[in-house]
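Understanding the architecture of this molecule
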Amino acid sequence: MHIKEAKSERHVLAITVDNEAGILAKIAGLFTARGYNIDSLTVADIAEDHATSRITIVTNGPQQVIDQIEAQLDRLVPVHKVVDLTEEGPHVERELALIKVAGVGDDRVEALRLAEVFRAQVVDVTTSSFIFELTGSPDKIDNFIGLMRELGLVEVGRTGVAGMMRGPEGA
C-alpha cells in the first residue's frame with residue numbers, strides 16, 4: 001500500500017482582525033495544532049481608531065490544510081476577513097531586511113559593489129563593517145544574504161512579508 005503525500009505549497013494569507021489581546025496567539029495556535037510552521041508573520045494597525053489590524057502570514061502546506069486553516073480562521077470571532085493572496089491572483093510581496101557585514105579590503109569593496117547592484121542602502125558604517133538596508137521580494141533578500149555570507153555576514157534582521165493584491169480592489 002502506498003500513501004500519497006500531499007504537495008506542500010507556499011501561501012500568503014492576509015487576515016483582518018479586531019485589534020484585541022490574545023488574537024495573535026489564537027491564530028498562531030491554529031498552525032501549531034496542525035504541525036505547520038509560520039515562515040513569516042507581520043502585524044500592522046490599519047485603522048485610524050486603532051480598532052483593526054492586518055496580520056500577514058506566510059506558510060507552507062498542502063492546499064487541503066490551508067483551506068482548513070482559512071475556514072477555522074474565518075470562524076474566530078475577532079477575524080473579519082481571510083484572503084489567500086496566493087490563490088486570489090497577482091499580488092505584491094515586500095520585505096525589509098537589515099544585513100550586517102564585516103570585512104576589509106577586497107571583501108569590503110565587493111560588499112559595497114553588490115549592495116549597489118541590489119539597491120541596498122548603507123545605513124551604518126564603521127571601518128570594519130556595514131549595515132545594509134534592503135527592501136524587496138523575499139527571493140531578492142535571500143539572494144543578497146547568500147552573497148554576503150561569502151563576504152563576512154554577521155547578522156540579519158528581517159521584518160517579514162507584507163503583501164497586497166494588485167489593482168484597485170482591496171483584500
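What counts as what
Residues numbered from 1 in each chain as written. Predicted model: local features only at pLDDT ≥ 70, side-chain atom pairs only at ≥ 80, totals over all residues. Heavy atoms only, no water. Phe/Tyr/Trp six-rings, centres within 6.5 Å; stacked < 30°, edge-to-face > 60°. Helix = DSSP H or I, 4+ residues; strand = E, 2+ residues; numbered from the N terminus. Buried < 20%, exposed > 50% of the residue type's maximum accessible area, 1.4 Å probe, protein only. Domains from an automatic or database assignment. Contact = heavy atoms within 4.5 Å. Salt bridge = Lys/Arg side-chain N within 4 Å of Asp/Glu carboxyl O. Polar contact = N/O pair within 3.5 Å; in protein donor to acceptor, adjacent residues only side chain to side chain. Nonpolar A, V, L, I, M, F, W, Y, C, P; charged D, E, K, R; others polar. Pairing = 2+ DSSP bridges. Axes fitted to C-alpha atoms, helices over the stretch in contact; angles between N-to-C directions.

What to know about the packing of aromatic side chains
Considering all chains together, one arrives at 3 aromatic pairs under this definition. Ring plane angle 90 degrees and centroid distance 5.8 Å describe the contact between phenylalanine 132 and phenylalanine 144, whose orientation is recorded as edge-to-face. One end of the pair, phenylalanine 132, is in strand β7 (residues 129–136); the other, phenylalanine 144, is in helix α5 (residues 138–149), and 12 residues separate them in sequence. In this pair, the class of phenylalanine 132 matches that of phenylalanine 144, namely buried. Cluster of aromatic residues (ring-pair linked, three or more members): Phe118, Phe130, Phe132 and Phe144.

Re the domain arrangement of the protein
Under the domain assignment used here, the protein contains domain 1 (8–88) and domain 2 (92–163). Relative placement of domain 1 and domain 2: their C-alpha centres are 29 Å apart. Across the contact, 9 residues belong to domain 1 and 7 residues belong to domain 2. Between the two partners, domain 1 and domain 2, sit 1 salt bridge. Along the contact surface separating domain 1 from domain 2 lie 4 residue pairs in polar contact (both at pLDDT 80 or more). A class-by-class count of the residues in the side of domain 1 that touches domain 2 yields 4 nonpolar, 3 polar and 2 charged.

Let's talk about the sheet that holds strand β2 (residues 38–45)
With respect to topology, 4 strands assemble into an open sheet ordered β2-β3-β1-β4, the strand pairing being antiparallel. Edge positions in the sheet fall to β2 and β4 (79–84), since each has one partner strand and no second. Direction aside, neighbouring strands of the sheet carry axes that sit 20 degrees apart on average. For strand β1 (residues 8–18) and β4, the ladder comprises 5 bridges, and the chain directions are antiparallel.

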